[in-house]
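One letter stands for each residue in the lines below.
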Amino acid sequence: MDTTTCLKSLLLAIQQYRESKSSQNAAQLQRQVEEVSALKCDQLLSSGQVLPSECVSGLVELAGDPNTSPALTSTIISLLAQLASEDEGRDVLHSSCNLTSTLAAIIHWHSTTPKEPLVLQCLQVLQKLTYDTGILHSANYIHELIAFLIINIQSHNDISMPCLGLMANLCRYNHSVQSHIKSLDNVKQFYRTLINFLAHNSLTVVVFTLSILASLTLNESVGEKLFDAKNIHQTFQLVFNIIVNGDGTLTRKYSVDLLVDLLKNPKIADYLTRYEHFSACLSQVLGLLHGKDPDSASKVLELLLALCNVSALRSLLCEVVFQPAGPKLRTASRRLRNELNGSHKEEPGLALVKWLSLPVEDADSCSLKALQLLNELLEEALGAESVSGYVLGFVEMLLPVVLELLKQVDSTQGDAQLRGHCIRVIHITDLLLVVCGEDSTRCLVACQVSAQLCLSQVETLLSCCHSNSPLTCPPPSSENDLSQVCAEAVLKTLEMMSKLKQQVKDMETTFYRILQDQRMVTPLSLALTSHYRERVRSGLSLLFEATPLPDFPSLILGESIAANNSYRQREAELSVKRLAVSEVLPPRANVSLSDMSSSSKGVHGLVEKLQTGCELQEKIEDLRVSEIIEVYEQKLSALASKETRLQDLLEAKALALSQADRLIAQYRFQRAQAESEARKMGCLLKEAEHRREALQGELGAQVLELERSKADIEELLQHNARLQQDSQEHQALKGAYNTLLNRYNESERLLKEVQASHISLTKQHDTLRKTHDALRQQHEKTASVLEEREETIRTLQSDLQQRDCDITGLRAELRAEEESGREKERARGELEETMDALRKELNKTEQARKDASIRASSLELQKGQLEAKLRQKEEELNKHSAMIAMIHSLSSGKLKNDVNLSL
């Protein structure tokens, strides 16, 4: 079954379920949703068709209905999550289908049971929808969603991680949500919970927490304590570790976003310039470019571009990217394919070149980011006082790759592929212009760029640009239109040709010939009437060189510029009218589902009245009933929710005042004033309703007038196309006539010159006949001298061959000497390592000797003390011996001289 049939069956099942919410219809609708999910339709919402939009709108409405069964709601959300996997589908679901408020409402209804699978599913889809997307805090159920997230983050349950991720998305670049969270009473407790999460064992939880804290507290006292000079180096190390060793692509994506946000603070950027491990961390981050994951590579390139915005880090980034690969890049052009396949994965410059050859999918593709990064780095490296050989080698390797990318264009491709190629051409020519700014690198570009390459490139771009010419169709309304992008690519290429016209053969002739092409009117007129100064400057510089040329179409250029200005004036007038109509028909607002269900009967009544009224009036072609319903739904939803929005604004104002002074009396006064203003707003709303009914008739007349104007414009466009075709035929005939006339004049001039030359040649023939004889004699003398010289040359050649042999031998000896020198260098390195080890052992021995001497000195001191005590004891012992001897002599009456008193 094809996609269209499945979508029609799905739309029919949605309508049947709306009419009767029976179990049979619910099963049928669930089956149809599962069939559409199995199709895996890519770019379903981005195609701009009405049928997929109606199906998705119906599914979102049913998912937001509280009476829908949870199983059916889960199936619908699974399909919507599949559609939100692409960036364009995610934007459509967020902006047009109001899926964010619907999922927030479902979470609010199941807030008492947060562990249900449906709540986790809604949180995951919301995290995908709200990534890098602005959310209005005044939208429906956003305040309730924030309160739910804070409660579940503080409760540390199973859904804390998706709650942290969704909170990080809501807080990033959203001052209204940040102000709302800061005004809560329990914000300090929330901060303490987040700080406790920094010690979590999951890197994903840590990076989510750091992102929330950076968004909420970076410019406050809490943030100054968290990200001060003492802690910031640990934060840098943690973030770089998460980027390099993260749990997956999601964690790496949020880590890069966190570091990019931190770098926007000048103080933290200054801290990073003084971070001692920055070079090592940068090398590890550049190593991620060798992988095959485009998402990770895109985020790494985004981080490197953010680092380039810090002037102090640009030179260091250039050293890390260019210098390691420099010695090997001089011969890289001959082995580029092997290196790009991973034989030198340590070279980050080659990894950047690898991502250049990827197709350009969108404005944020890896190829364009790599070109922007190389542009920034080469601008820094070539702007230095002296360009190193590493950078020259890298440029020599890079030029064949980027020039090969210029050839990869096919005019038969679709608009998206052509637009992507033109955007890449713009970035490549910007890179080449930067390289041409230095004399040494300009010579490298001139050696590899040919006039034929530039001519074919400009011819292809002019054919694309001319097919969207403002002379044959209305000027583009968007600056990213294909004609605008092609025109800018043409101007960039011509600017590069202007810089190389003196260095490249035939480049000057080709450059001036292209400037005289009538198709150059389109890019020049678009550039001269652009809003961007750079485009106007490029257009004026080319116009200055093209004006003196004889065949430059200055009149057609003036008419094209006047047409563009007239179109812009008409657009300005129509924008004023659209603004007046928008006051009558306000845009779709975020409406609660209860209001939508309550006003559905009134919408059906209005549709019936409109259908009966259309039968009495003229039939309007291609008018869909669904579009009419959508218009009136927008009007009624806006009018029904206007009072609610005003009430929310007044309550927010009262809450802010109460937060400032905390006075109950003033709060009550503001509450009463808000209620009175709400009643006034109700009266104004009724008056606006009466005014809408009065202007509705005028709007119908203006719609009929618009249809008649469209028919007139269509006839004028057809007449303009016919005139343009006649003008082209006239210009072609005029060019052919001028060519034939020039050929006739040239032939007549050549005939006269040939006749004059014939007469002069006859006279010269007589003179040459006379000198021929004299020259013959001189030739014989010269021949004899020539034979002598040839003999001398043979002798010199033999001597030269002998010297070549001697030089070859000397070169061999030189290589042997170099090899022995390298061997001696390696031996010297080994001896130095041995000496370092011996020095360490000597230091250890010296330390042991010092310790032993200290112990010996302490023992000597103890020995002296003991000897002093021993002498003292001996003196006492002698005294005691003498006393004993005296006692002995006195007691025995005899004095013995040989008394043994030894111990």
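Residues numbered from 1 in each chain as written. Predicted model: local features only at pLDDT ≥ 70, side-chain atom pairs only at ≥ 80, totals over all residues. Heavy atoms only, no water.

Peer 1: I tried to follow the overall build of the protein chain on my own but got confused; where do I start?
Peer 2: Looking only at helices and strands, one finds 35 helices and zero strands in the protein chain. Burial status across the protein chain gives 37% buried among its 903 residues. Residue pairs at least 24 apart in sequence account for 73% of intrachain contacts in the protein chain once pairs closer than 6 positions are excluded. Approximately 53600 Å² of the protein chain is accessible, and the part contributed by carbon and sulfur atoms is 54%. (Helix = DSSP H or I, 4+ residues; strand = E, 2+ residues; numbered from the N terminus. Buried < 20%, exposed > 50% of the residue type's maximum accessible area, 1.4 Å probe, protein only. Contact = heavy atoms within 4.5 Å. Areas by Shrake-Rupley, 256 points an atom, 1.4 Å probe, with all protein chains shown as cover.)

Peer 1: Where do I start with the packing of aromatic side chains in this structure?
Peer 2: Centre distance and the angle of the planes are the two values used to describe a pair of aromatic rings. Per the counting criterion, the structure on display carries seven aromatic pairs. Centre to centre, the rings of Trp109 and Tyr141 are 6.4 Å apart; their planes meet at 75°, and the pair counts as edge-to-face. Remark: Tyr141 occurs in the loop between helix H7 (117–129) and helix H8 (142–155) and Trp109 occurs in helix H6 (residues 99–109); sequence separation between them is 32 residues. Residue classification places Trp109 among the partly exposed residues on the basis of a relative accessible area of 31%. Note on Tyr141: relative accessible area 22%, which makes it partly exposed. An aromatic cluster is built from Tyr131, Phe208 and Tyr254, whose rings are joined through pairwise contacts. Its end group placed over the ring of Tyr131, Lys253 keeps NZ or CZ at 5.1 Å from the ring centre. (Phe/Tyr/Trp six-rings, centres within 6.5 Å; stacked < 30°, edge-to-face > 60°. Lys NZ or Arg CZ within 6 Å of the ring centre and 35° of its normal.)

Peer 1: What should I look at first to understand the packing of helix H18 (residues 294–308) against helix H22 (residues 366–382) in this one?
Peer 2: Two quantities define a packed helix pair, namely the angle between the axes and the distance from one axis to the other. Remark: H18 packs on H22, axes separated minimally by 9 Å, with the N-to-C direction vectors making an angle of 25°. When the axes of H18 and H22 are compared, the pair comes out roughly parallel. Regarding H18 and H22, the two cross each other, and that crossing is left-handed. Residues Pro294, Ala297, Ser298, Leu301, Glu302, Leu304, Leu305 and Cys308 of H18 form the contact with H22, whose participating residues are Cys366, Lys369, Ala370, Gln372, Leu373, Glu376 and Leu377. Split into classes, the residues belonging to the contact of H18 with H22 amount to 10 nonpolar, two polar and three charged. (Axes fitted to C-alpha atoms, helices over the stretch in contact; angles between N-to-C directions. Parallel < 35°, antiparallel > 145°, perpendicular 65-115°, else oblique. Left-handed = near helix turned anticlockwise from the far one by under 90°. Nonpolar A, V, L, I, M, F, W, Y, C, P; charged D, E, K, R; others polar.)

Peer 1: Please clarify how unusual backbone geometry should be interpreted in this entry.
Peer 2: Trans is the common state for peptide bonds, and a negative phi is the common state for residues other than glycine. Even without being glycine, His156 reaches a positive phi, approximately 55°. By the element assignment, His156 lies in the loop between H8 and helix H9 (160–171).

Peer 1: Would you mind going over the nonpolar core with me for this structure?
Peer 2: Ranked by internal contacts, the top residues of the largest apolar core, which has 194 residues, are Met167, Leu289 and Leu304. Of the residues forming this core, the biggest block, 11 residues, is contributed by helix H23 (residues 389–406). (Core = buried A, V, L, I, M, F, W, Y, C linked by side-chain atoms within 4.5 Å.)

Peer 1: What exactly am I supposed to notice about the side chain of Gln127 here?
Peer 2: If you trace the backbone, Gln127 turns up in helix H7. A polar side-chain atom of Gln127 sits 3.5 Å from a polar atom in the side chain of Tyr254. Dropping the residues within four chain positions of it, Gln127 is found in contact with Pro162, Gly165, Leu166, Asn169, Phe208, Leu250 and Tyr254. (Polar contact = N/O pair within 3.5 Å; in protein donor to acceptor, adjacent residues only side chain to side chain.)

Peer 1: Any chance you could explain helix H14 (residues 232–245) here in plain terms?
Peer 2: Side chains that are three or four residues apart share a direction in an α-helix, a result of its 3.6 residues per turn. The terminal C-alpha atoms of H14 lie 19 Å apart, and with 14 residues this matches the ideal 20 Å at 1.5 Å per residue to within 8%. Residues of H14 that are buried: Ile232, Thr235, Phe236, Val239, Phe240, Ile242, Ile243 and Val244. (Expected span 1.5 Å × (residues − 1).)

Peer 1: Is there a simple way to explain the pattern of salt bridges in this structure?
Peer 2: Pairs can form between side chains of opposite charge whenever their charged atoms are close. What the rule picks out here adds up to 30 salt bridges. For Arg794, the salt bridge identified is with Glu791, shortest N-O distance 3.1 Å. Here Arg794 pairs with Glu791, and both are found in helix H35 (residues 664–892), just three residues apart, close to one helical turn. Residue Arg794 is classed as partly exposed on the basis of its relative accessible area of 47%. For Glu791, a relative accessible area of 46% corresponds to the partly exposed category. A salt bridge links Arg826 to Glu823, with the shortest nitrogen-to-oxygen separation between them at 2.0 Å. Highlighted residues: Arg826 and Glu823, both in helix H35, separated by three residues, approximately one helical turn. (Salt bridge = Lys/Arg side-chain N within 4 Å of Asp/Glu carboxyl O.)

Peer 1: Any chance you could explain the confidence of the model for the protein chain here in plain terms?
Peer 2: Note that predicted coordinates carrying low pLDDT should not be read in detail. For the protein chain, per-residue confidence averages 79 on the pLDDT scale, and 80% of positions sit at 70 or higher. Ranking the helices and strands of the protein chain by mean pLDDT puts H9 first, with 91, and helix H32 (residues 593–598) last, with 38. Every residue in residues 468–477 scores below 50 in pLDDT, and together they form 23 contacts with partners more than four places removed in sequence or on other chains. Segment residues 894–903: pLDDT under 50, and six contacts once partners within four positions in sequence are set aside and those in other chains are kept. (pLDDT = per-residue confidence, 0-100.)

Peer 1: What is the right way to read H8 from this model?
Peer 2: For H8, built from 14 residues, the straight-helix expectation of 20 Å at 1.5 Å per residue is met to within 8% by its first-to-last C-alpha distance of 20 Å. Within H8 the residues assigned to the buried category are Ile142, Leu145, Ile146, Phe148, Leu149, Ile150, Asn152 and Ile153. Contacts made by the buried residues of H8 are with H6, H7, H9, helix H10 (175–182) and helix H11 (187–197). The positive-phi residue at the C-terminal boundary of H8 is His156, with phi of around 55°.

Peer 1: Looking at this structure, I do not really get the packing of H23 against helix H24 (residues 415–435). What am I missing?
Peer 2: Between H23 and H24, the shortest axis-to-axis distance is 10 Å and the interhelical angle comes to 150°. With respect to H24, the axis of H23 lies roughly antiparallel. Once H23 is placed against H24, the crossing between them reads as left-handed. Packed against H23, whose contacting residues are Val395, Leu398, Leu399, Val402, Leu403, Leu405 and Leu406, the element H24 presents His421, Arg424, Val425, Ile428, Leu431, Leu432 and Val435 at the interface. Of the residues contributing to the contact of H23 with H24, the split by class is 12 nonpolar, one polar and one charged.

Peer 1: How should a nonpolar patch on the surface be read in this particular structure?
Peer 2: Taken together, the side chains of Tyr737, Leu741 and Tyr744 present a nonpolar region at the surface, about 360 Å² in accessible area. Note that Tyr737 resides in helix H35. When its relative accessible area of 54% is taken as the criterion, Tyr737 is described as exposed. (Patch = residues over 30% accessible without salt bridge, like charges linked within 9 Å, V, L, I, M, F, W, Y side chains within 5 Å.)

Peer 1: Even after reading the chapter, I still don't get the side chain of Ser525, so can you show me in this structure?
Peer 2: Looking at the secondary structure, you find Ser525 in helix H29 (residues 521–528). Apart from the residues lying within four places of it in its own chain, the contact partners of Ser525 are Leu557, Ser560, Ile561 and Asn564.

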